[in-house]
Amino acid sequence: MRKRLEEATYPDLETMMEAYAATAVLVARNHFRQTLDFRSESLVAFEAVLSELVETRELDYDYEVKLWGSYLGEVIRRRYTGSWEMTQYPGGVAAVPAVEVRGSRLFPLMKVYRRLTMGDAESIAAFFDMVTERLGKPAQVN
């Protein structure tokens with residue numbers, strides 16, 4: 001799966017992030033026995049995957065952050081009808097994928113990186129609570 005993702009050509013950032021997120025769903029089910037379904041309720045299972053992943057001695061952070069960060073970003077993007085964009089991380093030099101929602105930029109890949117490198121103190125649930133508090137109710141879809 002990884003090779004297919006990394007060798008694919010994507011027409012845009014959103015398509016690439018959706019592909020990585022869909023693969024995260026498969027990896028969670030096949031390797032971690034967790035169900036991810038892009039709903040906010042699945043973030044408990046998502047956190048369980050990250051906790052187990054952290055116990056792996058040698059992580060390829062570039063790949064794992066893109067894989068799991070894209071899933072977190074897709075949960076937010078779908079909930080709030082946001083969009084993916086490449087933008088500079090505050091205080092950084094390089095552009096990174098971010099989810100833009102109602103004028104706010106969120107950096108789910110950076111959050112996953114911090115969770116993987118700093119542990120439980122970088123709670124995904126706390127991050128999502130902050131996002132929910134800041135952005136309010138999800139988008140209404142008719």
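As the structure is a prediction and not an experimental result, all values here were calculated from the model. (Residues numbered from 1 in each chain as written. Predicted model: local features only at pLDDT ≥ 70, side-chain atom pairs only at ≥ 80, totals over all residues. Heavy atoms only, no water.)

> What exactly am I supposed to notice about the confidence of the model for the chain here?
The predicted coordinates should not be examined in detail at positions where pLDDT is low. Across the chain, pLDDT averages 92, with 97% of residues at or above 70. For the chain, helix α1 (residues 2–7) is the element with the lowest average pLDDT, namely 91, and helix α2 (residues 13–32) is the one with the highest, namely 97. (pLDDT = per-residue confidence, 0-100. Helix = DSSP H or I, 4+ residues; strand = E, 2+ residues; numbered from the N terminus.)

> When you look at the packing of aromatic side chains in this model, what are you seeing that I'm missing?
The way to describe two aromatic rings as a pair is by their centre distance and the angle between their planes. Considering all chains together, one arrives at 7 aromatic pairs under this definition. Judged by centre distance (5.0 Å) and plane angle (35°), the ring pair of F38 and Y71 falls under tilted. Taken together, the residues F38 in the loop between α2 and α3 (43–54) and Y71 in helix α4 (residues 61–80) connect sequence positions 33 residues apart. When its relative accessible area of 0% is taken as the criterion, Y71 is described as buried. Through pairs of rings, three or more aromatic residues link up here, namely F32, F38, F46, W68 and Y71. Residue placement shows R2 over the ring face of Y63; its charged tip is 4.3 Å from the ring centre. (Phe/Tyr/Trp six-rings, centres within 6.5 Å; stacked < 30°, edge-to-face > 60°. Buried < 20%, exposed > 50% of the residue type's maximum accessible area, 1.4 Å probe, protein only. Lys NZ or Arg CZ within 6 Å of the ring centre and 35° of its normal.)

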